[in-house]
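Below are the chains, spelled out letter by letter.
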Amino acid sequence: MALGVVLVLIVGGALVWLTQRGDSGGSAPAYAPSTVPNVVKVGGTTTGQALKLSAALTAKGLECTVRYTGNAGGQAGCFRWGDKGTTSSEVLFQYQPDGTVIGLNLKALGQREGASFVELALAFQAVAPVVFAADQDKVAQTVANVGKVDDTSFDGSWGKYHVRDGASGTTVSAAKSGAAQLAVPDIRMANPPAKLADAFSAMGFTCNATREDCDSTFRDGKGRLSVLSSTVGSKGTLQLIIGADDTSRDANGAQTKKAFSDLVHLTLGLAGGNGLPAVDMWFDDQLDGDSHSAYVGGWRVDLVVKYGTPYGAASLASNYRLTISADTLWTVPN
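A brief report on the enclosed structure follows. Note that the structure is predicted; figures quoted are calculated from it, not measured.

### Observations concerning the overall build of the protein
- Helix and strand counts for the protein stand at 6 helices and 17 strands.
- Across the protein, contacts joining residues at least 24 apart in sequence account for 54% of those joining residues at least 6 apart.
- Carbon and sulfur atoms provide 52% of the accessible area of the protein, an area that totals close to 15200 Å².

### Considerations on the pattern of salt bridges
- Counting across every chain of the model gives 14 salt bridges.
- A salt bridge links Arg-211 to Asp-198, with the nearest nitrogen and oxygen atoms 2.9 Å apart. Of the two residues, Arg-211 is situated in the loop between strand 11 (206-207) and strand 12 (213-218) and Asp-198 in helix 4 (residues 193-202); the sequence distance between them amounts to 13 residues.
- On the accessibility criterion, Asp-198 (46% relative accessible area) is partly exposed.
- Between Asp-246 and Arg-219 there is a salt bridge, and its shortest N-O distance comes to 2.7 Å. One end of the pair, Asp-246, is in the loop between strand 14 (239-245) and helix 5 (253-271); the other, Arg-219, is in the loop between strand 12 and strand 13 (223-230), with 27 residues separating them in the sequence.
- Residue class for Asp-246 comes out buried when judged on its relative accessible area of 0%.
- Note on Arg-219: relative accessible area 18%, which makes it buried.

### Focus on the sheet that holds strand 17 (residues 317-325)
- Read from one edge to the other, the open sheet built from 7 strands follows the order 11-12-13-14-17-16-15, with strand pairing classed as antiparallel. Two strands in the sheet have a free side with no partner beyond their single neighbour: strand 11 and strand 15 (292-296).
- Pairing between strand 16 (residues 299-307) and strand 17: 8 bridges, direction antiparallel. Across the sheet, Val-304 pairs through a bridge with Arg-321, a residue of strand 17.
- Helix 5 contacts strand 12, strand 13, strand 14, strand 16 and strand 17 of the sheet and is inclined by roughly 160 degrees relative to strand 14.

### Quick notes on the state of the cysteines
- By the definition in use, this model includes 2 disulfides.
- Disulfide pairing is shown between Cys-64 and Cys-78; the S-S distance is 2.0 Å. Its S-S torsion of about 110 degrees marks the bond between Cys-64 and Cys-78 as right-handed, since a negative value means left-handed. Of this pair, Cys-64 sits in strand 4 (residues 63-70) while Cys-78 is found in strand 5 (residues 73-82), placing the two residues 14 residues apart along the sequence.
- On the accessibility criterion, Cys-78 (0% relative accessible area) is buried.
- The disulfide partner of Cys-207 is Cys-214, and the S-S distance across this bridge is 2.1 Å. Classification of the bridge connecting Cys-207 and Cys-214 rests on its S-S torsion, roughly 110 degrees, and on that basis the disulfide is right-handed. In this pair, the class of Cys-207 matches that of Cys-214, namely buried.
- Of note for the protein: the bonded cysteines, numbered N- to C-terminal, pair according to 1-2, 3-4.

### Observations concerning the pairing of strand 13
- As defined by bridge partners, strand 12 adjoins strand 13 across 6 bridges and the pair is classed as antiparallel. Across the sheet, the residue bridging to Cys-214 is Val-227, located in strand 13.
- Both strand 13 and strand 14 contribute to a ladder of 7 bridges, which runs antiparallel. Within strand 14, the position partnered with Leu-228 by the bridge is Ile-241.

### What about the pairing of strand 7 (residues 101-110)?
- For strand 7, the buried fraction is high: 7 of the 10 residues fall into the buried class.
- Pairing of strand 6 (residues 87-95) with strand 7 involves 9 bridges; the strand directions are antiparallel. What sits directly across from Ser-89, in strand 7, is Ala-108.
- In textbook terms, the turn of a hairpin is the stretch between consecutive antiparallel strands, and for strand 6 and strand 7 this stretch comprises 5 residues, one of which, Gly-99, has a positive phi near 95 degrees.

### Side note on helix 5
- The end-to-end C-alpha distance of helix 5, which contains 19 residues, comes to 27 Å, matching closely the 27 Å that a straight helix rising 1.5 Å per residue would cover.
- All buried positions along helix 5 are accounted for by Gly-253, Thr-256, Ala-259, Phe-260, Ser-261, Leu-263, Val-264, Thr-267, Leu-268 and Ala-271.

### Thoughts on the side chain of Asn-105
- By the element assignment, Asn-105 lies in strand 7.
- One polar contact links the side chain of Asn-105 to the main-chain carbonyl oxygen of Thr-331, over a distance of 3.3 Å.

### Considerations on the environment of Asn-319
- Note that Asn-319 resides in strand 17.
- If near-sequence neighbours (up to four positions away) are discounted, Asn-319 is found in contact with Ala-244, Asp-245, Val-304, Val-305 and Lys-306.

### Some details on the packing of helix 1 (residues 48-59) against helix 2 (residues 115-131)
- For the pair helix 1 and helix 2, interaxial distance at closest approach is 9 Å and the crossing angle is 155 degrees. In terms of orientation, helix 1 and helix 2 fall into the roughly antiparallel class. Judged by the sense of rotation from one axis to the other, the crossing of helix 1 with helix 2 is right-handed. Residues Gln-49, Lys-52, Leu-53, Ala-56 and Leu-57 of helix 1 form the contact with helix 2, whose participating residues are Ala-123, Ala-126, Val-127, Val-130 and Val-131.
- Tallied by class, the residues present in the contact of helix 1 with helix 2 amount to 8 nonpolar, 1 polar and 1 charged.

Conventions adopted
- Residues numbered from 1 in each chain as written.
- Predicted model: local features only at pLDDT ≥ 70, side-chain atom pairs only at ≥ 80, totals over all residues.
- Heavy atoms only, no water.
- Helix = DSSP H or I, 4+ residues; strand = E, 2+ residues; numbered from the N terminus.
- Contact = heavy atoms within 4.5 Å.
- Areas by Shrake-Rupley, 256 points an atom, 1.4 Å probe, with all protein chains shown as cover.
- Salt bridge = Lys/Arg side-chain N within 4 Å of Asp/Glu carboxyl O.
- Buried < 20%, exposed > 50% of the residue type's maximum accessible area, 1.4 Å probe, protein only.
- Pairing = 2+ DSSP bridges.
- Axes fitted to C-alpha atoms, helices over the stretch in contact; angles between N-to-C directions.
- Disulfide = S-S within 2.5 Å.
- Expected span 1.5 Å × (residues − 1).
- Polar contact = N/O pair within 3.5 Å; in protein donor to acceptor, adjacent residues only side chain to side chain.
- Parallel < 35°, antiparallel > 145°, perpendicular 65-115°, else oblique.
- Left-handed = near helix turned anticlockwise from the far one by under 90°.
- Nonpolar A, V, L, I, M, F, W, Y, C, P; charged D, E, K, R; others polar.

Note that all results are geometric; they support no functional claim without further evidence.
So, in structure tokens, the structure goes:
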């Protein structure tokens, strides 16, 4: 199977991935990319078709950020949250150095019936004319029939398509014919979950037997704090889910927000690693009561704020979640 070795360096204050691949025989997984950028930097700017796509999605209310750029191209994402954190849409895309889009992942999710299709349609209206105009009617018809056929793949003039509807939302993925997809660089936090659990246990948190899930309380036990971390093997953490919620009768929104903010800053400091200081700064700028998603410091970051309590306080921000993940799996039809 194909083997990858990723070194993380700091060059001129910027995070840089140096990716090398070797082959020890056998075949790679079906989703494995066939082209690997050998020097990749966090962030960057888009050009050409990728820039036009970002502009079209921004005009629809999505927030766009670049995850990485390199001499083989880059990857960016545009995200939108609505209905107080209950609906979302995203468009992740890869592109060549001249901006030519070579792969797309569109996804929409909504708690209300039909909400995911509304969100997906909004993103689709921006994507299709820019990237695959000749195929847009065929793709749109397939999406419209998704209730009858939940999972279908087909070819078009631009490339291959896969439409799927499931518990995680409605998705459309696409790959440009003849274009090799880029490898997603590996990124990890400095400390593994077990070390984080040790630190939280010392501060009075209760952690489970696997040392990956820790929780505590605030506001005299009425509110709950939680940190869930995960990884593969014994190396650094790949994902953190940090949360705070208080849905009690006399819940105080300001106190929940502060408890959450304090926990986020504490956890990021304990986790350590490249890109997390940028996440810390982004978090402070986005804590405005709305939900936000972005690529920050090489990480996929999702801040979700939900409202309401069982006692009818619909305007109370009662549940906060910040997910920081490596977001490494990139899948398109092949």
